[in-house]
Structures are given as structure tokens and as C-alpha cells.
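Fold and geometry: a report
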Amino acid sequence: MEGRKFYSTTGEYVDELVEGKSLKVEHTVEYDHFRFEIPEISVYVSKPPEELKKQREDSAKKEQALYSKIQSEVTEWEAQAAHTLLLDKAIEYIHTPTVQHTSNEWRQLKDESWEISNLVYKMSYKMWEDDAGEKKGTWLVSWKLEVNPPDRPSTEGYYYTGKSTIAEQRKKRYDTLDAAQRYVQGRFDLYAPLFVELCPPVPDDFKRHFYINGCLLPGYTVAQPEKTTPDKEAIADLLAYLEDTDIPPAPQPPKPEISVRKPPAPLAENETAQNNLPRVPLKRKSVRQTAKKSDRKKRAVLER
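How each quantity is defined
- Residues numbered from 1 in each chain as written.
- Predicted model: local features only at pLDDT ≥ 70, side-chain atom pairs only at ≥ 80, totals over all residues.
- Heavy atoms only, no water.
- Helix = DSSP H or I, 4+ residues; strand = E, 2+ residues; numbered from the N terminus.
- Buried < 20%, exposed > 50% of the residue type's maximum accessible area, 1.4 Å probe, protein only.
- Contact = heavy atoms within 4.5 Å.
- Areas by Shrake-Rupley, 256 points an atom, 1.4 Å probe, with all protein chains shown as cover.
- Expected span 1.5 Å × (residues − 1).
- Salt bridge = Lys/Arg side-chain N within 4 Å of Asp/Glu carboxyl O.
- Phe/Tyr/Trp six-rings, centres within 6.5 Å; stacked < 30°, edge-to-face > 60°.
- Lys NZ or Arg CZ within 6 Å of the ring centre and 35° of its normal.
- Pairing = 2+ DSSP bridges.
- Axes fitted to C-alpha atoms, helices over the stretch in contact; angles between N-to-C directions.
- Core = buried A, V, L, I, M, F, W, Y, C linked by side-chain atoms within 4.5 Å.

Along the protein, the regular secondary structure elements total five helices and eleven strands. Counting every position in the protein, which comprises 304 residues, the buried fraction comes to 23%. The long-range share in the protein, meaning contacts at least 24 apart out of those at least 6 apart in sequence, stands at 61%. If you sum the accessible surface of the protein, you get close to 24,400 Å²; carbon and sulfur atoms cover 54% of it.

Right under this line is the structure:
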């Protein structure tokens, strides 16, 4: 047809392709009611209604055939777009920044708190003196142990990886600075084994933090989940083969050894209290002592 068409179409501003994400195609055909003379229609208005109806059915069938062809093309696009999406996710994975950490060394932060971290864990604590109110002069302690996850891609803004805090205590109050430091030192002694390797195994309950787009980050391993309950069926099967005389008597637990810790000696007047200030990071000496004590207990059990 030459000149002006008897219909108008819309869709140039609706069609959109976002690679690896979406395809939008929407077209509308509208009759041009603003024209007074449309020669194209004169060819059909003189024909019988039955013939027009038959031609209309044939034209609609051709539309359906074209629509089916478009649908098959859309299905082919979906497969190709999925492949593009997979490549995008792989690129996001390899561009995940390395976790920032302190290499298992204590460092002071701007808020005067202390932090130690590696590629998996992060522990922090802060001690400060209460300088107002009825309990003025007492000391407050806050500490937290959590996983140290990497920054996730922006496309995972709504992806929930679960809780990140393993244990914490907020504003625990002590009468003296020395008591507050002993408490924090005890917390660190408990969790110090987590800060020996730069990349210790990731606890099973927190492994989602270290998966990017469904793939574990390189260099990480996941610890086997701890089995908290015995297999009742397996125990029942074993007991079924035993007679009463085959079952040994239950061992008696050893009597606990009671040890008395001597209180720390007071500081001399001319001695500084620098080692007891909250600005000094926690020591690791007690970690080795704890490990040696654990080895002695294991040898004692084996000797029995």
C-alpha cells in the first residue's frame, strides 16, 4: 500500500530486551477512524457476509500460526537468556571481593573497641567505664563472635543468608576493671582455637554466607555438621544381638578435681596498670595452657 495506512500500530516504546533477564514484546493494531476515505475497505464491503466471515477465519488462522511461531522463538530465547544469566552469575562469583580480616591479630577500631578476624570468623569486644548514674565507676563489657562473610553481589539484595552472630553479650557490668578484663579474657580463651588458621572450616549452620550464586567460594571448606542425637534404630539393632550378660555395667564418672585459683596480686604503687587497660588486646598465652591441659586429660583417660 502506498501513502497513508488505514491502521496504526503501537509497540516501539514497549518492546524491550534485557539480556539474560527479560523480553517484552507488545503490539497493538488500531483502525484509523480519523480518515474519511479508506479505499482498502471498499474491496470487501461489496462481498457477501458469508465470504467475509470465511476470509476472516482464514486470516485469524494465519495469525495463530504466526503466534505459535513467535512462541517457539520465545522459548528459544528463554534457553539462550538462561545461558547468558549463568555466565553473568559466574562473572559475579569470580569478582567477589576477598574478605577483609586482621590475620588473626587484635586491632583497635575507631570506636576504641578491639577486633580479631580471619576469613571465616570475627570477634570484637569493648570495655568502658560507666561515668554517670547510680552505678558510676563500674565497668561495662560488650563482645560478639560472628562469621566474617564476603560482600554479596547487588543482584542478591533480597537473598537471606541467615543469622551471622554465633554468640554475644551486651553491657555486662562489673565492679572493677580487673574483673571485666578477666571475663573478656575467658571469652577469648574459649573461642581462641577459631583464630589459629586464616581459613578454618566454615560451620555448617553458617555456610550460606560463603556461597555465592550457589557455589562455595574458593579456598573454603565446610565443617561436617555435628550429630547431636544418636541413631536410635542402629542402637536397637545392636542391642537385639546382645544378651543381658553381654552388656557391661555403666562406668562410673570420675570425681571432679577441685582446684582453687589464687586471686591476682594487687599492683604496687609504682607499678603501672597498662596490662589491665581495655586498650590492650587479649593475650593468647592461656590458649596454649588450655591445649596442654586438654592433652593431659586425654592421656589420663587413655592410661585408664
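Our focus in this paragraph is helix 2 (residues 49-94). Between its terminal C-alpha atoms helix 2 stretches 67 Å, which fits the 68 Å expected from 46 residues at 1.5 Å a residue. The set of residues buried in helix 2 consists of Ala60, Ala81 and Tyr93. Its buried side turned inward, helix 2 meets strand 10 (211-212) and strand 11 (215-216).

Under the counting rule described, the total for this entry stands at eight salt bridges. For lysine 47, the salt bridge goes to glutamate 51, with nearest N and O atoms at 4.0 Å. Among the residues examined, lysine 47 registers a relative accessible area of 27% and is labelled partly exposed. Accessibility expressed as a relative area gives 34% for glutamate 51, which makes it partly exposed. Aspartate 178 is paired through a salt bridge with arginine 182; the nearest N and O atoms lie 2.0 Å apart. Of the two residues, aspartate 178 and arginine 182 are both situated in helix 3 (residues 177-191); the distance of four residues between them amounts to about one turn of the helix. For aspartate 178, a relative accessible area of 28% corresponds to the partly exposed category.

Moving on, we come to the packing of aromatic side chains. For the structure shown, the criterion picks out six aromatic pairs. When the centroid spacing of 5.3 Å and the interplanar angle of 65° are considered together, the rings of tryptophan 106 and phenylalanine 188 count as edge-to-face. Note that tryptophan 106 is positioned in the loop between helix 2 and strand 5 (107-108) and phenylalanine 188 in helix 3, a separation of 82 residues in sequence. Owing to a relative accessible area of 11%, tryptophan 106 belongs among the buried residues under this scheme. The exposure class of phenylalanine 188 is buried, given its relative accessible area of 0%. With a centroid separation of 6.0 Å and 40° between ring planes, the pair formed by tryptophan 143 and tyrosine 191 is classed as tilted. Of this pair, tryptophan 143 sits in strand 8 (residues 139-147) while tyrosine 191 sits in helix 3, and the two are 48 residues apart along the sequence. With respect to class, tryptophan 143 is no different from tyrosine 191; both count as buried. Put simply, the rings of Trp106, Tyr125 and Phe188 touch in pairs and so form one group of aromatic residues. Stacked on the ring of tryptophan 128, the Lys or Arg lysine 126 has its end atom at 5.9 Å from the ring centre.

This brings us to the sheet that holds strand 7 (residues 121-129). The sheet built from five strands is open, its strands ordered 5-6-7-8-9 with antiparallel pairing. The sheet terminates laterally at strand 5 and strand 9 (165-174), the two strands that pair on one side only. Inspection of the sheet shows strand 6 (residues 114-117) paired to strand 7 by four bridges, in the antiparallel sense. By the bridge assignment for strand 7, serine 117 is matched with lysine 122. Against the sheet, helix 3 touches strand 6, strand 7, strand 8 and strand 9, its axis set at about 10° to strand 8.

Counting 34 residues, the largest nonpolar core has Met123, Trp143 and Tyr220 as its most contacted members. Broken down by secondary-structure element, the contributors of at least two residues to this core are strand 6, strand 7, strand 8, strand 9 and helix 3. Broken down by element, the residue count for this core peaks at seven residues, all from helix 3. Beyond its immediate chain neighbours, meaning those up to four positions away, tryptophan 143 contacts Met123, Ser124, Tyr125, Ala167, Glu168, Gln169, Tyr183, Arg187 and Tyr191.

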